[in-house]
Structures are given as structure tokens and as C-alpha cells.
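Listed below, chain by chain, are the residues.
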Amino acid sequence: MPESFLPGGFVNAVVRVGDTVRRPASARTAFVRDLLRLLEAAGWGGAPRYLGVDEQGREVLGYLDGHVAWEPRQPAAVSSDESLVAVARLVREFHDLTAGTPLAGAQEVVCHNDLSPKNTVYRPTVVGGELRPVAFIDWDIAAPGARIHDVAHVCWQYLGLGPSVGDDVAEAARRVRLIADSYGLPDRGSLVTTILWWQDRCWRGIESAADAGSVAMGRLRDAGVVQEVQRAYRWVAGHRDVLERALR
Ligand SMILES: Nc1ncnc2c1ncn2[C@@H]1O[C@H](COP(=O)(O)OP(=O)(O)O)[C@@H](O)[C@H]1O
Ligand SMILES: [Mg+2]
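Figured I'd write up the structure that's included with this text.

**Re the overall build of the protein**
- Helix and strand content of the protein: 8 helices and 10 strands.
- Taking 18 Å as the expected radius of gyration for a compact globule of 248 residues, we find that the protein reaches 18 Å, a close match to that expectation.
- Over its C-alpha atoms, taken along the principal directions, the protein stretches across nearly 55 × 40 × 40 Å.
- Sorting the 248 residues of the protein into buried and exposed places 47% on the buried side.

Shown next as C-alpha cells:
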């Protein structure tokens, strides 16, 4: 069967073969397998199916039809309030399915750890309707964690928290609140701190992996991602009061 390269990946070479996707296996493959099987057994449609390992040792996953929002310019429906609410509810669903399972270990849930539009499949949920999030892909850094970690990552990535938000900080703050409310996050007191924690961790992680010889991380650094994330950190830190007030 012919293989076609799938654009939109930032780390891995991902190809489509028929109704499947092949990704390089990693140290996390067994965990991802168990997680995707747990979600499938629960009848949850928000993640690809795990189908095994191919003759080249690659992970085989089910191909999810739809629009993956990896390009900078996106249809308005992708960033609409309705889509944000739906993302938050999807996150809540898989968190609840993993809570209390051996996969979550001593932590609250299994976190995806890289939730963003570029790892989200959108589809019109009714014929002729607007695009809405229906599934998350790229589960390879999923791990036991706290609910607030994924919620904070969602706020950062789906709202693009950083200088590109522009002057309407109040509107961004309203949407942070919308995400927390739609998820049903009980304790928001440390949400903004957790967004900053992610941003800090992200640029430091790219830097140290690039220094250690990671080609993918070196590429991100060369593309200016470290400075971009540092600017985003400073933006969130600078608007912390407004963001936190909206959450109270
Ligand atoms: N299960 C899937 N169904 C449909 N498309 C997929 C699937 N997995 C990956 N893709 C496509 O491949 C691209 C790269 O995959 P991804 O898992 O995000 O790789 P990376 O780890 O490099 O970010 C995605 O942007 C998406 O377009
Ligand atoms: Mg990805």
C-alpha cells in the first residue's frame, strides 16, 4: 500500500497508509497502547484506535478523518467559543475515564500533555455544520498527572496566550474562564501559575534537548520557538492580574 506523508507534525515523521497512520515507536509506546485501548474499551471516540506495530516497528493507529488545525491560519469555527467549550468537555471525558485506573498511578488522571489545535481533529458534527473538535491525536507524551496541567495547556495553546492576543486581555481572560468552567475545574487558584509553569518548562525543554543533540528540538530552536515561548511567558506574567481576576 502506498504511504503518504502527513503534514502538521512537528516532531515525528507520520505517514498515512490506507485507513491507518504509522508513527515511529518510542519508549512511551506501551503506555500509549494501554491508554488508547482503555479509551476504546470505554467506547470513547476522542482518540485514534491502537492497531499494533508494523513490520518496520512503527506504531499503527487508526486514521481519523477530519481537519487537523496545524496551519497558522484557521477557519473561525476552530477558535469559536463553541469549539473551546467542546475541547474542554472532551478533556474532561478522557480525564474522568482514566481517573482511578492503574495508568494514572498515584496521580489524579492521565494527562495528554500536548493538547493544542495542531493535535486536534475537527469535523462538522452535523451535516453542513461548523467545524468542532472531535478527537485528539499525538498521545505519545501522555502520562499520569494533575487535571489542571492539561487544562492550563489548553488555555495556553487554544487561546494562543501571548503577544498575538493583542490588547483585548479581558476577552482572553473571559475565554480562560470559559475553559475552566466548561471543564468544571474546581480549584482555579493556580491555573495561571500552571500556564506559566508549562511555558517555562517548554522553552527550557527545547533548549536542553537541542543541546543534547535532538534534531527535532534543534529545528524548533532554529525556528525561534524558544524566544517565542519566552515572549508568551512574559505576556502571561504581565497580565496575570487580569487573567486571575476573571477566574475568581
Ligand atoms: N490518527 C490520525 N488521524 C489523522 N491524522 C493524523 C493522525 N495522527 C497524525 N495525523 C496527522 O499527522 C500529523 C502529525 O502527527 P502528530 O501525531 O501530531 O505528530 P508529531 O508528534 O510530529 O506532532 C498531524 O498534524 C495530523 O495531520
Ligand atoms: Mg503533533
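Right, picking up where we left off after that structure.
**Looking at the nonpolar core**
- Counting residues in each nonpolar core, the largest one holds 68 residues, and the members touching the most others are Phe136, Trp139, Leu161 and Leu191.
- In terms of domain composition, this core takes at least three residues from each of domain 1 (4–62) and domain 2 (67–247).

**Some remarks on the coordination of the magnesium ion (ligand 2)**
- The protein atoms donating to the magnesium ion (ligand 2) are Asn119 (OD1) and Asp138 (OD), with metal-donor distances spanning 2.2 Å. With Asn119 in the loop between strand 7 (109–111) and strand 8 (120–124) and Asp138 in the loop between strand 9 (131–136) and strand 10 (143–145), the pair connects residues that are 19 residues apart, well separated along the chain. In this pair, the class of Asn119 matches that of Asp138, namely buried.

**Here we look at the pattern of salt bridges**
- For the coordinates displayed, the defined rule picks out 20 salt bridges.
- Close ionic contact of Glu3 with Arg58 constitutes a salt bridge, the shortest N to O distance being 2.7 Å. Here Glu3, found in the segment before strand 1 (4–5), pairs with Arg58, found in the loop between strand 4 (50–53) and strand 5 (59–62); they are 55 residues apart in sequence, far enough to count as distant.
- Residue class for Glu3 comes out partly exposed when judged on its relative accessible area of 42%.
- Its salt-bridge partner being Arg221, residue Glu207 comes within 3.7 Å of it at the nearest N-O pair.

**Observations regarding the site of ligand 1**
- The full set close to ligand 1 counts 19 residues, and Val11, Asn12, Arg23, Leu64 and Asp138 are the nearest of them.
- Taken by itself ligand 1 offers 550 Å² of open surface, and the protein chains cover 96% of this.
- When grouped by side-chain class, the residues that make up the shell around ligand 1 number 11 nonpolar, 5 polar and 3 charged.

**Focus on the side chain of Thr29**
- Along the polypeptide, Thr29 turns up in helix 1 (residues 29–41).
- A distance of 2.7 Å separates the side chain of Thr29 from the backbone nitrogen of Ser26, its partner in a polar contact.
- Ignoring anything within four residues of it in the chain, the contact list for Thr29 reads Tyr50 and Glu59.

**What about helix 2 (residues 81–98)?**
- Taking 1.5 Å of rise per residue, 18 residues should cover 26 Å, and helix 2 covers 26 Å from first to last C-alpha, within 8% of that figure.
- Those residues of helix 2 that fall on the buried side of the exposure criterion are Ser83, Leu84, Val85, Val87, Ala88, Leu90, Val91, Phe94, His95 and Thr98.
- Summarising the contacts, the buried residues of helix 2 are in contact with helix 1, strand 7, strand 8, strand 9, helix 3 (147–159) and helix 4 (169–183).
- Count one or two residues on from helix 2 and you reach Gly100, which has phi positive near 80 degrees.

**Describing the state of the cysteines**
- Tallying each qualifying case throughout the model produces 0 disulfides.
- The closest cysteine sulfur to the non-disulfide-bonded Cys155 is located on Cys111, 13 Å from its own sulfur.
- As a non-bridged cysteine, Cys202 has Cys155 as the owner of its nearest cysteine sulfur, 16 Å distant.

**Remarks on the packing of aromatic side chains**
- Under the definition given, this model contains 5 aromatic pairs.
- Consider the rings of Trp44 and Phe94, whose centres lie 5.7 Å apart with planes at 55 degrees: the pair is tilted. One end of the pair, Trp44, is in the loop between helix 1 and strand 4; the other, Phe94, is in helix 2, and 50 residues separate them in sequence.
- When its relative accessible area of 7% is taken as the criterion, Trp44 is described as buried.
- By relative accessible area, Phe94 is classed as buried at 0%.
- Taken together through their ring pairs, the aromatic side chains of Trp44, Phe94, Phe136 and Trp139 make up a single cluster.
- Note that Arg28 overlies the ring of Phe31, its terminal NZ or CZ placed 4.7 Å from the centroid.

The rules behind these values
- Residues numbered from 1 in each chain as written.
- Chains lettered and ligands numbered in written order.
- Predicted model: local features only at pLDDT ≥ 70, side-chain atom pairs only at ≥ 80, totals over all residues.
- Heavy atoms only, no water.
- Helix = DSSP H or I, 4+ residues; strand = E, 2+ residues; numbered from the N terminus.
- Rg over C-alpha atoms; globule rule 2.2 N^0.38 Å.
- Buried < 20%, exposed > 50% of the residue type's maximum accessible area, 1.4 Å probe, protein only.
- Core = buried A, V, L, I, M, F, W, Y, C linked by side-chain atoms within 4.5 Å.
- Domains from an automatic or database assignment.
- Donors = N, O, S within 2.8 Å, 3.2 Å for Na, K, Ca; no water.
- Salt bridge = Lys/Arg side-chain N within 4 Å of Asp/Glu carboxyl O.
- Near = heavy atom within 4 Å.
- Areas by Shrake-Rupley, 256 points an atom, 1.4 Å probe, with all protein chains shown as cover.
- Nonpolar A, V, L, I, M, F, W, Y, C, P; charged D, E, K, R; others polar.
- Polar contact = N/O pair within 3.5 Å; in protein donor to acceptor, adjacent residues only side chain to side chain.
- Contact = heavy atoms within 4.5 Å.
- Expected span 1.5 Å × (residues − 1).
- Disulfide = S-S within 2.5 Å.
- Phe/Tyr/Trp six-rings, centres within 6.5 Å; stacked < 30°, edge-to-face > 60°.
- Lys NZ or Arg CZ within 6 Å of the ring centre and 35° of its normal.

These figures come from the coordinates and say nothing about function on their own.
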